[in-house]
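Spelled out, the chains give:
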Amino acid sequence: MSINPFTPDQQQRIVESIRQAEKATSGEIRVHVEAHCANADPMQRAIEVFAHLGMHQTKEKNGVLFYLAHADRKFAVLGDQGIDAKVPDNFWESTKELLRTHFAAGNYAEGLSQGIERAGQQLKQYFPYASDDTNELADDISFD
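This one's a predicted model, so the numbers in the text were calculated from it and none came from an experiment.

What counts, and where the lines are drawn
- Residues numbered from 1 in each chain as written.
- Predicted model: local features only at pLDDT ≥ 70, side-chain atom pairs only at ≥ 80, totals over all residues.
- Heavy atoms only, no water.
- Pairing = 2+ DSSP bridges.
- Helix = DSSP H or I, 4+ residues; strand = E, 2+ residues; numbered from the N terminus.
- Contact = heavy atoms within 4.5 Å.
- Axes fitted to C-alpha atoms, helices over the stretch in contact; angles between N-to-C directions.
- Expected span 1.5 Å × (residues − 1).
- Buried < 20%, exposed > 50% of the residue type's maximum accessible area, 1.4 Å probe, protein only.
- Parallel < 35°, antiparallel > 145°, perpendicular 65-115°, else oblique.
- Left-handed = near helix turned anticlockwise from the far one by under 90°.
- Nonpolar A, V, L, I, M, F, W, Y, C, P; charged D, E, K, R; others polar.

So, about the sheet that holds strand β2 (residues 63–69). Ordered by their spatial adjacency, four strands build an open sheet running β3-β2-β1-β4, and the pairing between neighbours is mixed. The strands lining the two open edges of the sheet, one partner per strand, are β3 (74–79) and β4 (142–143). As paired strands, strand β1 (residues 28–34) and β4 are joined by two bridges and run parallel to one another. Of the residues in β4, the one forming a bridge with H32 is S142. Of the strands in this sheet, β1 and β4 touch helix α1 (residues 8–23), which is tilted by about 160° from β1. Against the sheet, helix α4 (residues 91–104) touches β2 and β3, its axis set at about 150° to β3.

It is worth spelling out helix α5 (residues 108–126) at this point. Counting along an α-helix, one turn takes 3.6 residues, and residues three or four places apart therefore face a common direction. With 19 residues, α5 ought to run about 27 Å at 1.5 Å a step, and its terminal C-alpha atoms sit 27 Å apart, in line with that. Those residues of α5 not exposed but buried are Y108, A109, G111, L112, S113, G115, I116, A119, G120, Q122 and L123. Contact partners of the buried residues in α5: α1, β1, β2, α3 (81–84) and α4.

For any two helices packed against each other, the geometry comes down to the angle between their axes and how far apart the axes lie. Where α4 contacts α5, the axes come no closer than 8 Å and their chain directions differ by 160°. Judged on the interaxial angle alone, α5 and α4 are roughly antiparallel. Seen from above, α4 lies across α5 with right-handed handedness. Across from F91, S94, T95, L98, L99, H102 and F103 in α4, the residues of α5 making contact are Y108, E110, G111, L112, Q114, G115, R118, A119 and Q122. In terms of residue class, the contact of α4 with α5 is made up of seven nonpolar, seven polar and two charged.

Turning to the pairing of β3, a few remarks are in order. Judged by how many residues are buried, β3 sits mostly within the fold: five of six residues are covered. When β2 meets β3, the two strands line up antiparallel, connected through six bridges. Bridging across to β3, L68 finds its partner in F75. Hairpin connection between β2 and β3: a loop of four residues separates the two successive antiparallel strands, and R73 in this loop has a positive phi of roughly 55°.

Looking at where R45 falls in the secondary structure, it is placed in helix α2 (residues 42–52). The class for R45 is buried, based on a relative accessible area of 12%. If we skip the residues at most four places from it in the chain, R45 touches H32, E34, C37, A38, N39, Y67 and D144.

Here's what the structure looks like:
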């Protein structure tokens, strides 16, 4: 059963963060939310969701997934090979710390928005927007 922890305004803010981040990059950002993590390790679940959403199909392997199992208080941030090879060594861990700070206070929407903005800055640096870019993946939040 899908449980959406966000108000309509919060959900719109997250989607708008994705759209803003993607305006300056060929990279793709997705957010996937579910109540419970189907795997003991949220990173393993994020890998499954990444594949399920077809995120590995981006031309430059520059998709980023923000995964949240809100009832279990688990989350992961996963970047595809292209972006993972370019970002600083501590980038994913420091992004998770930013999320953890907001999530601990119950501010899921704010944490996701700031994490998305941060990922967008890295994507913009390494995969700048080109005039022939197409939005390869939907910007909406997926729920399970």
